[in-house]
Amino acid sequence: MAQPSPAPRGVRSRTTSDLSKAKALELNHQGSESVAAKQYEQAKALFKQALRLDPKLSDAYENLALLLLLDGHDEDAERVAVELLALAPTNYNARLVAGVAAANHNDFSRSSGYLAPLVKNEAGDPLATATYAVALHGSGQKAEAARLTAQSAGLPVKAPDALLAGQIFRQPKLKAIAQKWMEASVATGGAAANPDLLYLLAAMYAEQGRTADACARYSQMLELSPGTVDALVELSELERMLGQQEKAVSHLYTAKTLAATDPSTLLHFGQVCMRRRMYVDAREALKKVVTGDPLNRHAWYQLGLAQFRLGETEAAETDFNSALHLDGYDEWSRIGLGAALISAGRQEEAASEFHLVLAGNPRSAAAHYYLAQIHRADGKIPLALGELRQAVKHAGEDARPLAALGQLQLEMHDLSSARASLSRAIELDPGYATAHYHMARLLKLTGEASGAAKELELFNQYRSQENKKGIIGVVSEGKWDYAGYFPPN
């Protein structure tokens, strides 16, 4: 029987290549659908898969770069945009993303380099022009920056552009420009103002401490879009801060009812529950998120936090491992895993996780803190002291590592160093109860009875406030909450 002729050289490779490109297009389309459904982590994973199959798929690069910028990951957004520019040097969105991302982390010379061709060719684009002007000013070209600023002042800014600016401008001068545009758009739009724009403006006001103005904007948004879970939970938070407990609880549970039928909002609802120490509600919400969106790394991480708080250590370990399966470089999930392992008495495994974190980021204050905790439990006090000093060095203006260092120095009877550490902790955060407690212990040892009594009184006062408020200010990345220096919620 005659043998079949071999396929011509290159046919198989072309067929495989064509299949990969077709699959990449499908994944890119699925990613766009995930964005529309607000499943952003899943969308990012799909765009990355598409690019692995077809490294020249410009649409996937563009989608991923824009999503990373919207999500606040400026360095990653710039990197992906630069990869796209290597394929398509004139791609408008690639240059805009790279320019804004570079400006957001104050790399003004790179930002102006990306944006110069856009401003020359698209002089009517307010976002590119405003960013380019700020970049030029930051690079020392103040006269040209002033000319462009004056030019951009006359450009019309439509509501969608104002909204986009609010979403992607994070550099302080750019953020102020975005806020001015959004306020003008709301004033012009009146009762027909864009709900998303109202939400973002309210969030800005809340960040600036303008609580009443933020409440007014959230309320205005809810008049236009009554079922918006995110606005309900944020309004509830502000009402809680204002002491309006009945309103706060009512809005929160309205949000919970609505979120049960809208998985895209459950993550935010779960985060708010974590801040309020409502761990059971948080766990229920986050389980629904990961069931519907198993590629949502951040939801797995949040679920791990909730279950850890409930004492479900094994489940928390599984959650953190699920997050790490999606991204092995996820620093905070690895810290969470280490914390769970400590609670399970598996100190050596925990130490290995923290060393992995420090191999990638030697400045991780939380990892240094936890290693200090392990060394201290093993009686290795000099090693614990060294790790705590590193934690203090890299924790910035956070009072808590200083208080932990002061506590250890106190136990070592190094009273002068302990006083310095605890005084600095109290200076950074006068309301941090633990620092006052250890300062009271120190003053009692030194015979300063009246001072010790005063510190103990402050401890009781601030501890009571912490218990009422729950976990405060733990949303932003890189901060720890009050319960054992755990990673951010």
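Residues numbered from 1 in each chain as written. Predicted model: local features only at pLDDT ≥ 70, side-chain atom pairs only at ≥ 80, totals over all residues. Heavy atoms only, no water.

### Here's the deal with helix 14 (residues 245-259)
- The terminal C-alpha atoms of helix 14, which comprises 15 residues, lie 21 Å apart, in line with the 21 Å expected from a rise of 1.5 Å per residue.
- All of the buried residues along helix 14 are A248, L252, A255 and A259. One face of helix 14 carries all of its buried residues, which in axial projection span an arc of 60°. The outward face of helix 14, more than 90 degrees from its buried face, is lined by the exposed residues E246 and T257. (Helix = DSSP H or I, 4+ residues; strand = E, 2+ residues; numbered from the N terminus. Expected span 1.5 Å × (residues − 1). Buried < 20%, exposed > 50% of the residue type's maximum accessible area, 1.4 Å probe, protein only. Arc of directions from axis to C-beta.)

### Considerations on the nonpolar core
- In this structure, F169, F269 and F354 are the most contacted members of the largest nonpolar core, which totals 127 residues.
- Leaving out residues up to four positions away in the same chain, F269 has contacts with V233, L252, A255, K256, A259, D281 and A285.
- Judged by nonpolar contacts, the second largest core, of 14 residues, contains A403, A425, M439 and A452. (Core = buried A, V, L, I, M, F, W, Y, C linked by side-chain atoms within 4.5 Å. Contact = heavy atoms within 4.5 Å.)

### Remarks on the layout of surface pockets
- If you add up the space inside the second largest pocket, you get close to 390 Å³.
- As for the second largest pocket, its lining consists of 15 residues, of which S152, A153, I177, K180 and W181 are closest to the centre.
- Looking at which element gives the most residues to the lining of the second largest pocket, the answer is helix 10 (residues 172-189), with six residues.
- Classifying every residue of the lining of the second largest pocket gives nine nonpolar, four polar and two charged. (1 Å grid on protein atoms, 1.4 Å probe; cavity = no way out; pocket = protein on both sides within 12 Å on 5 of 7 lines; lining within 4 Å. Points joined across faces, edges and corners; volume = space filled by probe spheres on them. Nonpolar A, V, L, I, M, F, W, Y, C, P; charged D, E, K, R; others polar.)

### Digging into the confidence of the model for the protein
- Here the protein averages 85 in pLDDT, and 90% of its residues register 70 or above.
- Ranking the elements of the protein by mean pLDDT puts helix 15 (residues 263-275) last, at 76, and helix 20 (residues 347-360) first, at 95.
- Taken as a whole, residues 1-14 scores under 50 in pLDDT and shows one contact with residues more than four places along the chain or in a different chain.
- Contacts of residues 468-489 to residues separated by more than four positions or lying in other chains number 75 contacts, the stretch itself having pLDDT below 50. (pLDDT = per-residue confidence, 0-100.)

### Notes on the packing of helix 7 (residues 126-138) against helix 10
- Running from N to C, helix 7 and helix 10 cross one another at 150°; their axes reach a closest spacing of 10 Å. Compared by their axis directions, helix 7 and helix 10 come out roughly antiparallel. The crossing of helix 7 and helix 10 is right-handed. Mapping the contact onto sequence places P126, L127, A130, T131, V134 and H137 in helix 7 and K173, L174, I177 and W181 in helix 10. (Axes fitted to C-alpha atoms, helices over the stretch in contact; angles between N-to-C directions. Parallel < 35°, antiparallel > 145°, perpendicular 65-115°, else oblique. Left-handed = near helix turned anticlockwise from the far one by under 90°.)

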